[in-house]
Amino acid sequence: MKDDVKVWDWSIRVFHWSLPVLLFLLWFSATQSQSFDALDHHMILAQILLGLLIYRIIWGFIGTPAARFSRFLTGPASWWIYASALIKRQPIHYLGHNPLGGLMVLVLLGALGFQLLTGLYTSDDILFQGPLVSSADRDTVRWMSRWHKNFFDWILILVALHLTAIALYKLLGEGLVKAMFTAKSP
């Protein structure tokens, strides 16, 4: 029996589990947009998410080994090799993120960053105006507002892909969810 190895530090686990909670609360506060309180909550939650995203990017350069981007961000050749092994049901085991998991981290962080950026320039032309609306022309504000409203669906698709991958890995015998609670590699 192999010994479990501690991989995920506490801050990465808190960051990881904070994301679904924040995404739900951001969605909920956005759907309650008739209320000034809901808009205030939405802005505060977005600031918390921005702080977490900034933290994760910094931690990706100076953090614990498994959290560092240099450890898990690879190129297309690695993605292909890993995907080929996965299709053959002979996945290569990694301590931390595998090449496709690393790619998903990058995509999810980028998607959250894009959502936050568009929110800064969003206006509903009635009650709400993002903090940078006054620095952009009307066409840019419309474009950003449209993307901010519609891009959340793409984030949900990415989350669904993430959850599907976790389920597939469970079928292959890797308990990734447990690892994100216990800090130990499956």
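Residues numbered from 1 in each chain as written. Predicted model: local features only at pLDDT ≥ 70, side-chain atom pairs only at ≥ 80, totals over all residues. Heavy atoms only, no water.

Quick word on the overall build of the protein
Formally: The helix count covers DSSP runs of H or I at least four residues long, the strand count covers runs of E at least two residues long, and both are numbered beginning at the N terminus. In this scheme, a residue with accessible area under 20% of its type's maximum is buried, one over 50% is exposed, and one in between is partly exposed, where area comes from a 1.4 Å probe on protein chains only. The contact rule is simple, with two residues in contact once any of their heavy atoms fall within 4.5 Å.
Scanning the protein from N- to C-terminus turns up seven helices and zero strands. The linear arrangement of helices and strands in the protein, starting from the amino end, is α-α-α-α-α-α-α. Principal-axis analysis of the C-alpha atoms places the extent of the protein at approximately 60 × 30 × 30 Å. For the protein, with 186 residues in total, the buried portion stands at 35%. Counting contacts in the protein only where the partners sit at least 6 residues apart, residues at least 24 apart contribute 63% of the total.

Things to note about the side chain of His148
Structurally, the position occupied by His148 is in helix 6 (residues 138-171). The residues contacting His148, other than those within four sequence positions of it, are His42, Gln115, Thr118, Gly119 and Thr122.

A closer look at helix 6
This is how it is decided: Working rule for helices: expected span equals 1.5 Å times residues minus one. Two axes define the bend at a residue: one fitted to the seven residues ending there, one fitted to the seven starting there, and the bend is the angle between them. For this analysis, a polar contact is any N or O atom pair within 3.5 Å, provided that within protein one partner can donate a hydrogen and the other can accept it, and provided that sequence-adjacent residues contribute only side-chain to side-chain pairs.
Spanning 34 residues, helix 6 covers 50 Å between terminal C-alpha atoms, matching the ideal 50 Å at 1.5 Å per step. The principal kink in helix 6, of about 35°, is found at Asn150. By the burial criterion, the buried members of helix 6 are Val141, Met144, Ser145, His148, Phe151, Phe152, Ile155, Leu158, Ile166 and Tyr169. If you check the start of helix 6, you find a side-chain oxygen 3.1 Å away from the backbone N of Asp139, and it comes from Asp137. Within two residues after helix 6, Gly173 carries a phi angle of roughly 95°, on the positive side.

Here's the deal with the nonpolar core
Going by this rule: The nonpolar core is taken to be a set of buried Ala, Val, Leu, Ile, Met, Phe, Trp, Tyr and Cys residues, with the residues joined through side-chain atoms within 4.5 Å.
If you look at the biggest cluster of nonpolar residues, it comprises 22 residues, and the most contacted ones within it are Leu49, Leu109, Leu112 and Ile155. Breaking this core down by element, the ones donating at least two residues are helix 1 (10-31), helix 2 (36-62), helix 3 (69-72), helix 5 (99-120) and helix 6. Counting residues per element, this core draws most heavily on helix 5, at six residues. Not counting the four nearest positions on each side in its chain, Leu112 is found in contact with Leu19, Leu23, Leu49, Leu53 and Ile155.

Some remarks on the confidence of the model for the protein
Parts of the prediction with low pLDDT should not have their coordinates interpreted in detail. To keep it simple, the criterion reads: A score between 0 and 100, pLDDT records how confident the predictor is in each residue.
Taken over all residues, the pLDDT of the protein has a mean of 90, while the share at 70 or more is 96%. For the protein, per-element mean pLDDT is lowest for helix 7 (residues 176-182), which scores 85, and highest for helix 5, which scores 96.

Examining a positive patch on the surface
Filter applied, for reference: Patches draw on residues past 30% relative accessible area with no salt bridge. Two like charges within 9 Å are joined, as are two nonpolar side chains (Val, Leu, Ile, Met, Phe, Trp, Tyr) within 5 Å. Residue burial considers only the protein chains on display, and all accessible areas are found by Shrake-Rupley using a 1.4 Å probe. Within this document, salt bridges are pairs made up of a side-chain nitrogen of Lys or Arg and a carboxyl oxygen of Asp or Glu, the two lying within 4 Å of each other. Asp and Glu count as negative and Lys and Arg as positive, but His and the ends of the chain are not part of the count. Every charge is mapped to an atom, namely NZ of Lys, CZ of Arg, CG of Asp or CD of Glu.
Positive charge collects at one region of the surface, where Lys6, Lys170, Lys178 and Lys184 lie side by side. Its place among the elements puts Lys6 in the segment before helix 1.

Description of the packing of aromatic side chains
Filter applied, for reference: Under the pairing criterion, centres of Phe, Tyr and Trp rings, with the six-membered ring standing for Trp, must be within 6.5 Å; the plane angle then separates stacked pairs below 30 degrees from edge-to-face pairs above 60, leaving the rest tilted.
Overall, the coordinates contain 14 aromatic pairs when judged by the stated rule. Measuring from centroid to centroid gives 5.9 Å for Tyr55 and Trp59, while their planes differ by 25°, and the two rings are stacked. Pair noted here: Tyr55 and Trp59 are both in helix 2, with a separation of four residues, about one helical turn. Aromatic pair Phe114 and Trp143: ring centres 6.5 Å apart, planes at 85°, arrangement edge-to-face. Placement of Phe114 in helix 5 and of Trp143 in helix 6 is noted, with a sequence separation of 29 residues between them. Under the relative-accessibility criterion, Trp143 is labelled partly exposed at 38%. Clustering of aromatic rings is evident, with ring pairs tying together Phe114, Trp143, Trp147 and Phe151.

What about the packing of helix 4 (residues 76-87) against helix 5?
So the rule is basically this: Here an axis means a line fitted to C-alpha atoms, over the contact stretch when the element is a helix, while the angle between two N-to-C directions is reported on a 0 to 180 degree scale. An angle below 35 degrees is read as roughly parallel, one above 145 as roughly antiparallel, one from 65 to 115 as roughly perpendicular, and any other as oblique. Each residue receives one of three labels: charged for Asp, Glu, Lys and Arg, nonpolar for Ala, Val, Leu, Ile, Met, Phe, Trp, Tyr, Cys and Pro, and polar for the others, Gly being one of them.
Between helix 4 and helix 5, the shortest axis-to-axis distance is 8 Å and the interhelical angle comes to 125°. With respect to helix 5, the element helix 4 is oriented oblique. Two secondary-structure elements touch here, helix 4 through Ser78, Trp79, Tyr82, Ala83 and Leu86 and helix 5 through Pro99, Leu100 and Leu103. Each residue belonging to the contact of helix 4 with helix 5 can be placed in one class, and the counts come to seven nonpolar, one polar and no charged.

Side note on the packing of helix 2 against helix 5
The condition is simple: Handedness of a helix crossing follows the sense of rotation of the near helix relative to the far helix, less than a right angle counterclockwise being left-handed and clockwise being right-handed.
Here helix 2 crosses helix 5 at 140°, and the two axes come no closer than 11 Å. Comparing their axes, helix 5 and helix 2 come out oblique. Judged by the sense of rotation from one axis to the other, the crossing of helix 2 with helix 5 is left-handed. Facing helix 2, whose interface residues are Ala46, Leu49, Leu50, Leu53 and Arg56, helix 5 presents Leu109, Leu112, Gly113 and Leu116.

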